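# Summary of the model geometry
Here is what each chain is made of, one letter per residue.
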Amino acid sequence: MSTITTGSLAKALWPGVNTWYGKSYNDWKEEYSKLFTSHKSRKAWEEDVLVSSFGLAQLKGEGAGVAYDTMQQGFVTRYTHAEYALGFVITKNMVEDDLYDVVGAKKASALARSMRQTKETIGGNVYNRAFNSSYTGGDGLELCSLLHVNVAGGTWQNELTTAADMSEASLEQAVIDIGKWTDDRGLKIAVRPQSLIVPVDLDFEANKIMKTEYEVGTANNTVNIVRSRFPGGVFVSHYLTDVDAWFIKTDAPDGMKYWTRRDDAFTTDNDFDTDNAKFKATARYSFGWSDPRGIYGSPGA
C-alpha cells in the first residue's frame, strides 16, 4: 500500500513555497452522457433480449386459410457491472505538518477527478474498440460491422462497405445506408442520424462540413444537404483515440447504453494502530450496446 508521508511532500513542511501546481487543471464537461443513454440498475447485471418481429402479410386467396407467422427470441446482451475504486493514505504526521494543506485541501476533488476520467475512458473505449473483433456484442460481432446477423436470416451493416475518411461524400453514403435499414424480419424502420461524433483530430474538419452552407471546398453553388441531417450537430469526444475514425449516433432505441449500479461514493476512515487517514472512492457501472443500429461508423481510410 502506498502511503503519503512527510517524505512524499517534503517541501510542504517548509515555508517559502509560492505555488503548488499540477492539481488544479480544468476538466472537459461530462461527455459519456452524449455517447450513451443512461440507465439505473438494481441487479448484478442487466440483460437485453432481441425479439424478432413479424414479416410482411401474405396474399390470401378466396376461401384459403390465413398464413400465420411466429416470433422468436434473438440475441442476448448482458451488461455485467464492474467496480472501480481508488484511494490514498496519509500519515498523521503529514496531516499535522503540512503548512500549505497540499494533500488535504483538494483530496476529495482529486479523487473525484480520477473517478470521473476513469468513467469517461471506459465509455470512450467502447467506441475505440468499435472495429475490433475481440470486443463483441450479442450477435457475436464487433459494434461496427459489415456482417451483423438477423435472427431470421441475412445480414446488414453499420459501417461503410469501403472504409473512408470523413467527408461530405462519405457522410452522405452513411445517411443513405441508415435510411435503408430494416428490422430483423426485413421491415423498413425509421432510424435517423442524430449527431456526428469525432475525435479532437477531426474537430475542425467536421465543423467545416456541418457549418458550410454549400458544398465544402468547392466553388459549386450546390446546397450542402448533409448539415440538415444531423439535428444534434457535431460532438467532439476527447476520449476517442483513433485520429480518423468517426461515428454517427442514431435515434434507434436500445442502442448505446450506460448502466449505473452504484454512483461514485466517497468514504474516509482512520487506522487505529498507525493513525493513518484513509480516503477512497468506489463506483459500479457498465457500458456497451444492445442494438448496433444505435451507431454507424467508419475507421477512416
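Note that the structure is a prediction, hence the values are computed from the model and not measured.

### Structural notes on the nonpolar core
Phe 36, Tyr 127, Leu 143, Phe 247 and Met 256 are the most contacted members of the largest nonpolar core, which totals 28 residues. Put simply, the parts of the chain that give this core at least two residues each are α1 (32-35), β5 (82-90), α4 (107-128), β11 (256-270) and β12 (277-289). With seven residues, the top contributor of residues to this core is β12. In this structure, Trp 156, Ala 174, Phe 230 and Trp 246 belong to the second largest nonpolar core, which totals 22 residues.

### So, the sheet that holds strand β10 (residues 246-250)
Spatial ordering of the open sheet is given by β9-β8-β10-β13, a layout of four strands whose pairing is mixed. Each edge of the open sheet is held by one strand with a lone partner, namely β9 (234-237) and β13 (295-298). Mean inter-strand twist for the sheet, computed between neighbouring axes without regard to direction, equals 25 degrees. As defined by bridge partners, strand β8 (residues 193-199) adjoins β10 across four bridges and the pair is classed as antiparallel. Bridging from a neighbouring strand, Leu 196 pairs with Ile 248 of β10. Along the sheet, helix α5 (residues 168-179) contacts β8, β10 and β13; its crossing angle with β10, the most-contacted strand, is approximately 35 degrees.

### Considerations on the pattern of salt bridges
By the definition in use, this model includes 12 salt bridges. Note that Asp 69 and Arg 185 form a salt bridge whose closest N and O atoms lie 3.1 Å from each other. Of this pair, Asp 69 sits in the loop between β3 (45-51) and β4 (73-80) while Arg 185 is found in the loop between α5 and β8, placing the two residues 116 residues apart along the sequence. Of the residues examined, Asp 69 reaches a relative accessible area of 37% and is grouped as partly exposed. Of the residues examined, Arg 185 reaches a relative accessible area of 28% and is grouped as partly exposed. What you see here is one network of salt bridges that share partners, running through Asp 27, Arg 113 and Arg 116.

### Considering the environment of Ile 225
Residue position: Ile 225 is located in the loop between α6 (203-211) and β9. Taking the C-alpha atoms as reference, Ile 225 lies 8.5 Å from Glu 215; in sequence the two are 10 residues apart.

Thresholds applied
- Residues numbered from 1 in each chain as written.
- Predicted model: local features only at pLDDT ≥ 70, side-chain atom pairs only at ≥ 80, totals over all residues.
- Heavy atoms only, no water.
- Core = buried A, V, L, I, M, F, W, Y, C linked by side-chain atoms within 4.5 Å.
- Buried < 20%, exposed > 50% of the residue type's maximum accessible area, 1.4 Å probe, protein only.
- Helix = DSSP H or I, 4+ residues; strand = E, 2+ residues; numbered from the N terminus.
- Pairing = 2+ DSSP bridges.
- Axes fitted to C-alpha atoms, helices over the stretch in contact; angles between N-to-C directions.
- Contact = heavy atoms within 4.5 Å.
- Salt bridge = Lys/Arg side-chain N within 4 Å of Asp/Glu carboxyl O.

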